[in-house]
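Single-letter residue listing:
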Amino acid sequence: MKHNNHKNYKPRPPPFLASTAPWSLLTIPILLLALVATAAVAVAADNDKPPKRKLALLTASLPWTFGPYQSQMHQLSLLLHAADYDIHWISLHDTVPLGTYPTYDALRPHLGDMIRPPPGFPLNHITFLGRPPDQGKLTAGRLNSLQSEYRFDALLILLDLSHVVPDEPFQMPVVAWVPLHSETVSYSSVDYWVLRQFHGVASLAPSSAMAIRNAVQQEIRLDMEEDDDDGSSTPAAVREMVGTAHVEFIPHIIDGGYISALADAGLELLRDHSAAEMDSKLTHLPMVHRGQERTLEAGHPLSLFGEVRKEDFVVLIQGGNYDVEDRKGWDTSIQAFARFYHSLHDKSRVHLLIHAIESYISSMDRFSDIDPPASVMPRVVAAYKKRADVCLHASKVEGFGMNVIECQAVGTPVITTNYTAMGDYTKIGRSVPHRQMIRSPGHLYEMALPDVAGIKDAIQQLYDEHLALKRGDETALTRRALEIRNFNTWLESTCSPNAVRDKFQTLLIQATSEYKARSKGKHAILSGPPPTSGAYHLVTGYHLPIVDWDAPWTILAADGLKIIDARAIHQICWMHLLNPGGNTSPMVLVLPTKYDDGTVVPTHHPDGNVHDDLTVIVRTFMMTSLQDTMTRRKSFVASAIQHAVMMGSIQAISDTFNTAIVERKRDSASVGSFWNQFSTQHVEL
Ligand SMILES: *[C@@H]1O[C@H](CO)[C@@H](O)[C@H](O)[C@H]1NC(C)=O
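Residues numbered from 1 in each chain as written. Predicted model: local features only at pLDDT ≥ 70, side-chain atom pairs only at ≥ 80, totals over all residues. Heavy atoms only, no water.

### Brief notes about the site of the ligand
Around the ligand, the neighbouring residues are Asn418, Gly423, Thr426 and Ser431. Tallied by class, the residues present in the shell around the ligand amount to no nonpolar, 4 polar and no charged. (Near = heavy atom within 4 Å. Nonpolar A, V, L, I, M, F, W, Y, C, P; charged D, E, K, R; others polar.)

### A look at the environment of Arg379
Looking at the element boundaries, Arg379 is found in helix 12 (residues 377-387). Note: C-alpha distance between Arg379 and Met278 (101 residues apart in sequence) is 9.8 Å. (Helix = DSSP H or I, 4+ residues; strand = E, 2+ residues; numbered from the N terminus.)

### Overview of the packing of helix 16 (residues 474-495) against helix 17 (residues 497-526)
Remark: helix 16 packs on helix 17, axes separated minimally by 5 Å, with the N-to-C direction vectors making an angle of 35 degrees. Residue-level inspection shows Glu492, Ser493, Thr494 and Cys495 of helix 16 in contact with helix 17, the latter providing Pro497, Ala499 and Val500. Here the residues of the contact of helix 16 with helix 17 are counted per class, giving 4 nonpolar, 2 polar and 1 charged. (Axes fitted to C-alpha atoms, helices over the stretch in contact; angles between N-to-C directions. Contact = heavy atoms within 4.5 Å.)

### Some words on the packing of helix 2 (residues 68-82) against helix 17
Closest axis-to-axis distance for the helix 2/helix 17 pair is 10 Å, and the angle between their directions is 70 degrees. The orientation of helix 2 relative to helix 17 falls into the category roughly perpendicular. The element helix 2 and its partner helix 17 pack so that their crossing is right-handed. Packed against helix 2, whose contacting residues are Leu76, Leu79 and Leu80, the element helix 17 presents Pro497, Asn498, Val500, Arg501, Phe504, Gln505 and Leu508 at the interface. In terms of residue class, the contact of helix 2 with helix 17 is made up of 7 nonpolar, 2 polar and 1 charged. (Parallel < 35°, antiparallel > 145°, perpendicular 65-115°, else oblique. Left-handed = near helix turned anticlockwise from the far one by under 90°.)

### As for the sheet that holds strand 19 (residues 553-557)
Sheet architecture is open: 5 strands sit in the order 18-19-23-21-24, paired in mixed fashion. For this open sheet the edge positions go to strand 18 (536-540) and strand 24 (650-652), each flanked by a neighbour on one side alone. The sheet shows a mean angle of 25 degrees between the axes of neighbouring strands, taken without regard to direction. (Pairing = 2+ DSSP bridges.)

### Some points on the nonpolar core
In this structure, Trp64, Leu156, Trp177 and Phe198 are the most contacted members of the largest nonpolar core, which totals 163 residues. Element by element, the count of residues in this core is highest for helix 17, at 7 residues. Here Trp64 is in contact with Tyr104, Leu107, Leu111, Met114, Ile115, Arg116, Pro117, Pro118, Phe121, Leu123 and Phe128, once residues within four sequence places are set aside. By size, the runner-up hydrophobic cluster in this structure holds 20 residues, among which are Phe337, Phe340, Leu344 and Val390. (Core = buried A, V, L, I, M, F, W, Y, C linked by side-chain atoms within 4.5 Å. Buried < 20%, exposed > 50% of the residue type's maximum accessible area, 1.4 Å probe, protein only.)

### Considerations on the pairing of strand 9 (residues 200-203)
Neither face of strand 9 is left uncovered, since the one carrying Gly200 and Ala202 and the one carrying Val201 and Ser203 both have all their residues buried. Examined bridge by bridge, strand 8 (residues 174-178) and strand 9 share 4 bridges and lie parallel to one another. Paired with Trp177 across the two strands is Ala202, which belongs to strand 9. This β-α-β element, strand 8 to helix 5 (residues 190-197) to strand 9, shows right-handed connectivity. (Right-handed = clockwise from strand over helix to strand, strands pointing away.)

### Re the state of the cysteines
Summed over all chains, the structure comprises 1 disulfide. Note on cysteine connectivity: Cys391 is disulfide-linked to Cys407, with sulfurs 2.2 Å apart. Judged by the sign of its S-S torsion, about -85 degrees, the cystine formed by Cys391 and Cys407 is left-handed. Taken together, the residues Cys391 in strand 13 (residues 390-393) and Cys407 in helix 13 (residues 402-409) connect sequence positions 16 residues apart. Considered together, Cys391 and Cys407 belong to a single accessibility category, that of buried residues. (Disulfide = S-S within 2.5 Å.)

### Description of the environment of Val380
With respect to the helices, strands and loops of the structure, Val380 is situated in helix 12. Using a relative accessible area of 4% as the deciding quantity, one classes Val380 as buried. Sequence separation between Val380 and Ala263 is 117 residues, and the spatial gap between their C-alpha atoms is 7.3 Å. Ignoring any residue separated from it by four or fewer positions in sequence, one finds Val380 in contact with Ala275, Met278 and His355.

### A short note on the sheet that holds strand 25 (residues 660-662)
Spatial ordering of the open sheet is given by 20-25-22, a layout of 3 strands whose pairing is mixed. Each having just a single partner strand, strand 20 (561-563) and strand 22 (593-595) make up the two edges of the open sheet. In this sheet, neighbouring strand axes are inclined to one another by 30 degrees on average, regardless of whether the strands run parallel or antiparallel. With 3 bridges connecting them, strand 22 and strand 25 associate as parallel partners. Counterpart to Tyr595 in the pairing with strand 25 is Val662.

### Focus on the pattern of salt bridges
If you walk through the whole model with that rule in mind, you get 21 salt bridges. Two residues, Lys328 and Glu398, come together in a salt bridge whose shortest N-O distance is 2.8 Å. On the criterion of sequence distance, the pair formed by Lys328 in the loop between strand 11 (313-319) and helix 10 (330-342) and Glu398 in the loop between strand 13 and helix 13 is long-range, its members being 70 residues apart. Take Lys328 and Glu398: they sit in the same class, and that class is buried. Across the pair Arg480 and Glu483 runs a salt bridge whose closest N-O atoms are separated by 3.5 Å. In this pair, Arg480 and Glu483 are both assigned in helix 16, 3 residues apart and thus about one turn of the helix distant. (Salt bridge = Lys/Arg side-chain N within 4 Å of Asp/Glu carboxyl O.)

### Side note on the pairing of strand 2 (residues 85-91)
Counting buried positions along strand 2 yields 6 of 7 residues, so the element is predominantly enclosed. One ladder, built from 7 bridges, connects strand 1 (residues 53-59) with strand 2; its direction is parallel. Note that in strand 2 the partner of Ala56 across the bridge is His88. Crossover connection from strand 1 via helix 2 to parallel strand 2: handedness right-handed. In terms of strand pairing, strand 2 meets strand 4 (residues 126-131) through 3 bridges, oriented parallel. Paired with Ile87 across the bridge in strand 4 is Ile126.

Here is the structure:
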């Protein structure tokens, strides 16, 4: 772990040399790589069988803890282990000292109060890998360090994209299994920059796979000169190094037969027991008595699960709605149900059942030393879905929406918002067009606003279908049976464990060859002098334009800035990006700038604020992130420096280059030596 002491901020001489010299230190890693390759071939020849590929899986937490990502990754780990991968597990949120833990028992002393795996939970196929505490985000650089520590052959990530910082190219094949929370991937989003880094992208819905392809499979837009006569690398090599990720649609694993079996078992139990009784029975904990709606009371003549009410119309809203912006759209769904309900003449046989997974359950599951409710909940959850006549799941956005597919898997139609994954996965039921888009301050993505009137109409239509089914209408019965059959065929061919495993095996192979192609491009570039163009895009002005360029660096400059040696600056930028020395790539570079009278632009105004004429070069992905909250160049420069200082990731380019001038008279109030100010003030902002 690098510490952010002040030494790091001192300007260092640039590693940049004369433009014809090959990059320093580059030949060593290439030679090593060649040796490693030879060794691998030798081992393979000895044993007939190629060595197992060492695959690291990275997700939110450990496999037995509560959460869809953990559960999906665990299922996938079993499938890929059976397909001959050597499985390693890295947890994002659990701090475990660096080291290899071959068993749960070896890992356990480091887990504090964390809940134990349930008896029989399969973990023998997993080796756990420690990860030191990070103050901050999961950067590509930190993942590269883990790779040098543990030497895995490939990494598979299941996380929201916002967790990953694309600070440098990955030094191993990386596949990301990603939910996309927007309809398109915009060049001005951090997601775009993160997605570009992966070698393979497994997108959780067909429409988002399309959106990701549209963004990352476009040729990179770099302003590069085709014919450089000084022997520096060609645009073709740069394009090869940037590469094109393989993008596949790979859903979460859903075993339809298993969910149906759970639902049937749950319904059986709910006939004689209330949900609270079942909870208590299966967890061996005392029952918590609460006021119960009598429609949920087992044995009560009015129970929804008994004989008397079995033909009543039940609309179910189910899940955890824990996002502050009501991402699941329960507000609008409840309004829609209310409109439908109040429009009815006879309301006596119509019910709204809201089954919320309380947040205390997930935290209890993770941290107390008791059996998790994992044995109870799935049965009740599935049974409610099966009893329901409609699952109402009209969210503002979904990356996947497990509930939508699971409801249909037990034969219950769904009502969704026709936006992102929900539109893709609504096969029995209605997907309602959204009303308009909304943006919630502080939330990364815009979302679709569900349409109350449209949802109300959809409930009405499904209510009419329900009545037709219950009175034995042949057309309705045949149509529903056909819909269910088609859905199950689709589910089996698309989401079954084997279908998902097969797609991952193919994608891992494709990602590995993409990684090799990018490395080849990178080595081609590193074997000559750095390219003399394409590294940066220059912006000026009081307010900055919204990012729509692919250049990896952006120069933020005062009006009138004139770059004297652009080729040298491009080379320095490429050098820092490709980082052949293996140090962490800086996020911000300070470019020495003079006024037309030869005096140096200072770093600060006398009041301590960053100087308006200071020229900084920042990683473009950083700009996309800052642009969510600011527009002034001044604020950008201050924030970029602040972030970079915090991460120990700022460097100043040596003023031995005559790099840039601001073509105007200097501001006489702020004369001073650039270097002295920079190194003594440490950019404390
Ligand atoms: C969602 O909207 C698109 C575009 O209007 C339409 O083609 C598609 O059929 C709709 N999906 C569903 C499930 O209704």
